[in-house]
Amino acid sequence: MNFTEEEKEFFMKEALKEAQKAAENEEVPIGVVIVKDGEIIARDFNRRELDGRATHHAEVCAIEAANQAVGNWRLLDCALFVTIEPCVMCAGAIGLARIPQVYFGATNPKFGGTVSLYQILEDKRLNHRVQVESGILEDECAKIMQDFFKNRRKK
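Per an unreviewed UniProt entry, the protein chain goes by tRNA-specific adenosine deaminase and derives from Lactococcus lactis subsp. hordniae. Entered under Catalytic activity (unreviewed entry) in the UniProt record, the comment concerning the protein chain runs "adenosine(34) in tRNA + H2O + H(+) = inosine(34) in tRNA + NH4(+)". The record held by UniProt for the protein chain lists under Subunit (unreviewed entry) the comment "Homodimer."

Moving on to the sheet that holds strand 2 (residues 39–45). Working definition: the strands of a sheet are paired by backbone hydrogen bonds and lie parallel or antiparallel to each other. With mixed pairing, the five strands of this open sheet are ordered in space as 2-1-3-4-5. The sheet terminates laterally at strand 2 and strand 5 (131–133), the two strands that pair on one side only. For this sheet the average axis-to-axis angle between neighbouring strands, irrespective of direction, equals 15 degrees. With five bridges connecting them, strand 3 (residues 78–84) and strand 4 (residues 101–106) associate as parallel partners.

Turning next to unusual backbone geometry. With a phi close to 60 degrees, glutamate 26 is a non-glycine residue in the positive phi region. Mapped onto the elements, glutamate 26 comes out in the loop between helix 1 (5–24) and strand 1 (31–36). In the Ramachandran plot, leucine 137 falls in the positive-phi region, its phi being about 50 degrees despite a non-glycine side chain. One can find leucine 137 in the loop between strand 5 and helix 5 (138–154).

Another point: the pattern of salt bridges. Opposite charge on two side chains lets them pair, provided their charged atoms get close. Applying the stated rule across the entire model yields 11 salt bridges. Between glutamate 5 and lysine 8 there is a salt bridge, with the nearest N and O atoms lying 3.1 Å from each other. With glutamate 5 and lysine 8 both in helix 1, this residue pair falls three residues apart, about one helical turn. The partly exposed category is assigned to glutamate 5, whose relative accessible area is 45%. With relative accessibility at 8%, the residue lysine 8 sits in the buried group. Salt bridges sharing partners connect three or more residues here, namely Glu14, Lys17, Glu18, Lys21 and Arg43.

Moving on: the nonpolar core. The biggest cluster of nonpolar side chains holds 45 residues, and the ones touching the most others in it are Ile34, Ile63, Leu80, Phe81 and Ile94. Elements that contribute at least two residues to this core include exactly helix 1, strand 1, helix 3 (58–70), strand 3, helix 4 (88–96), strand 4 and helix 5. With six residues, the single largest contributor to this core is strand 3. Residues in contact with phenylalanine 81, not counting those within four places in the same chain, are Phe3, Lys8, Phe11, Met12, Ala15, Gly31, Val32, Val33, Val35 and Tyr103.

Per the UniProt annotation, the sites labelled "active site" (unreviewed entry) are Glu59. Within the secondary structure layout, glutamate 59 lies in helix 3. Among the residues examined, glutamate 59 registers a relative accessible area of 3% and is labelled buried. The residues touching glutamate 59, leaving out its near neighbours within four places in the chain, are Val32, Leu80, Val82, Ile84, Pro86 and Cys90.

A few words now on helix 5. In an α-helix there are 3.6 residues to a turn, and that puts residues three or four apart on one side. Counted at 1.5 Å a residue, the expected span for helix 5 with its 17 residues is 24 Å, and the 24 Å between its end C-alpha atoms agrees. In this structure, the buried side of helix 5 is in contact with helix 1, strand 3 and strand 4.

This part is about the environment of asparagine 151. Here asparagine 151 is to be found in helix 5. Taking C-alpha positions, asparagine 151 is 12 Å from valine 28, a pair spaced 123 residues apart along the chain.

Analysis parameters
- The residue count restarts for each chain, going from 1 along the sequence in the order it is written.
- For this predicted model, a pLDDT threshold of at least 70 governs which residues receive local features, and a threshold of 80 or more governs which side-chain atom pairs are given and counted, while totals over whole chains, interfaces and linings are taken from all residues.
- Side-chain measures here rest on the full set of heavy atoms in the structure, leaving out hydrogens and waters.
- UniProt positions are given in the numbering used here, feature names are shortened, and annotations may be inferred rather than shown by experiment.
- Strand pairing requires that DSSP identify at least two bridges connecting the strands.
- Secondary structure follows DSSP: runs of H or I at least 4 residues long count as helices, runs of E at least 2 residues long count as strands, and numbering of each begins at the N terminus.
- To get an axis, a line is fitted to the C-alpha atoms, and for a helix only the part in contact is used. The angle between two axes follows their N-to-C directions and goes from 0 to 180 degrees.
- One speaks of a salt bridge when a side-chain nitrogen belonging to Lys or Arg is within 4 Å of a carboxyl oxygen belonging to Asp or Glu.
- Each residue gets one of three labels from its accessible area relative to the maximum for its type: buried under 20%, exposed over 50%, partly exposed in between, using a 1.4 Å probe on protein chains only.
- Throughout, nonpolar core names a set of buried Ala, Val, Leu, Ile, Met, Phe, Trp, Tyr and Cys residues whose side chains join them through atoms within 4.5 Å.
- Contact between two residues is taken to exist if any of their heavy atoms lie within 4.5 Å; hydrogens are not considered.
- The span you would expect from a helix comes to 1.5 Å times its residue count less one.

Written as structure tokens, this is what we have:
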């Protein structure tokens, strides 16, 4: 799948809408959309507090929705757009779902499993490698996180 810059920004804006939903629910504001054939087939946001589940990160929830949408655990013809670099758990889930492309906005220096701390998705020792591109609407993606934690510290 080859996306134009405009398409990448469009899909990241949709992921940002999901991140905003997370913030409104006092969740860490990370949002995801999964795209197949140019259409969004799944979208979600962090739901750990809402669902009371440690593993309900945005990526995992969206992957589960995409699995249902396509009727298969393999998401071979899909791309995942996420506002913040996936953590180690989410990078593992992306690889296990066989998603070939990941686009993210801002890096995650404390928990990043894609470029910051680890490079799980591009590790040649694994049987599935993922094309990763970062920096899509990076400032907007970083700002929603910064604002969330600044407001949380004020409380």
